[in-house]
Amino acid sequence: MNKINKFFIHKSSFIDEKVDIGDGTKIWHFSHIQNGAVIGKNCSIGQNVNIGNNVKIGNKVKIQNNVSIYEGVELEDYVFCGPSMVFTNIKLPRSEFPQRGARYYSKTLVKKSASIGANATIVCGITIGEYAMIGSGSVVTKDVPPYSLIIGNPGKIVGKVDKKGNRI
Ligand SMILES: CC(C)(COP(=O)(O)OP(=O)(O)OC[C@H]1O[C@@H](n2cnc3c(N)ncnc32)[C@H](O)[C@@H]1OP(=O)(O)O)[C@@H](O)C(=O)NCCC(=O)NCCS
């Protein structure tokens, strides 16, 4: 049973059973929240977003349109996911040799207040540090230290940012 909280879910979205959604969270059009997901308070989840099984999302997280948060990904408080950015959870995917189930999924942790720009790709198995800023379109393949600015493919550290994201 869904825990009954004061949140908003657009009628075009599907919420599986055993999902916990915090007060004040809004889920917009055509999104799907899968079994076991835990979403914190005051989050904004845009259009066409998929939250996978058992995914944990903190408070005040903003997920923009067309983002899938796959099982194995965790987002801490205040994380920002720009439109159409992409997470992964399998490093070496092969249709011929399926890797289905949590034991196959590499974990990705996005720490508090980190931002991921539009259309960036996060290759799984890494940690993105607090307040890091990932430039749009970057392909991130390695751990990102806190407050780092990453751009490019593969993503490289090109500087440091402050809490508001400005370069320092
Ligand atoms: C390309 C890939 C298969 C390489 O895996 P790997 O051989 O274990 O590679 P490593 O992590 O050891 O990285 C080796 C180098 O390639 C770079 N690299 C890895 N993946 C990259 C990518 N997708 N784009 C650009 N560079 C990449 C790394 O930065 C590293 O660079 P360096 O030698 O300068 O340090 C993997 O990183 C990948 O992209 N997998 C696809 C994930 C995916 O899309 N899954 C979909 C299902 S969820």
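Because the structure is a prediction, the values reported are computed rather than measured.

Here the residue pair Asn-153 and Pro-154 is connected by a cis peptide bond, since its omega of -5° sits within 30 degrees of zero. Mapped onto the secondary structure, Pro-154 falls in the loop between strand E21 (148–151) and strand E22 (156–160). The backbone of Lys-18 shows a phi angle near 55°, a positive value even though the residue is not glycine.

The full set of residues close to the ligand is Thr-88, Asn-89, Ile-90, Lys-91, Leu-92, Pro-93, Val-123, Val-139, Thr-141, Lys-142, Asn-153 and Pro-154. Residue Lys-142 places a side-chain N or O atom 2.6 Å away from an oxygen atom belonging to the ligand. Here the ligand loses 48% of its free accessible area of 910 Å² to cover by the protein chains.

A word on the sheet that holds strand E17 (residues 121–122). Strand pairing in a sheet is mediated by backbone hydrogen bonds. Such pairs are either parallel or antiparallel. Taken in spatial order, the three strands of this open sheet run E14-E17-E20, and their pairing is parallel. Of all strands in the sheet, those bounded by a partner on one side alone are strand E14 (86–87) and strand E20 (139–140). As paired elements, E17 and E20 share two bridges and run parallel to each other. Paired with Thr-121 across the bridge in E20 is Val-139.

Tallied over the full model, the rule gives one salt bridge. Measuring nitrogen to oxygen at the nearest pair gives 3.8 Å for the salt bridge that ties Glu-74 to Lys-56. Here Glu-74 is found in strand E12 (residues 73–75), whereas its partner Lys-56 is found in strand E9 (residues 56–57), with 18 residues between them in sequence.

Reading guide: rules and limits
Residues numbered from 1 in each chain as written. Predicted model: local features only at pLDDT ≥ 70, side-chain atom pairs only at ≥ 80, totals over all residues. Heavy atoms only, no water. Helix = DSSP H or I, 4+ residues; strand = E, 2+ residues; numbered from the N terminus. Near = heavy atom within 4 Å. Polar contact = N/O pair within 3.5 Å; in protein donor to acceptor, adjacent residues only side chain to side chain. Areas by Shrake-Rupley, 256 points an atom, 1.4 Å probe, with all protein chains shown as cover. Pairing = 2+ DSSP bridges. Salt bridge = Lys/Arg side-chain N within 4 Å of Asp/Glu carboxyl O.

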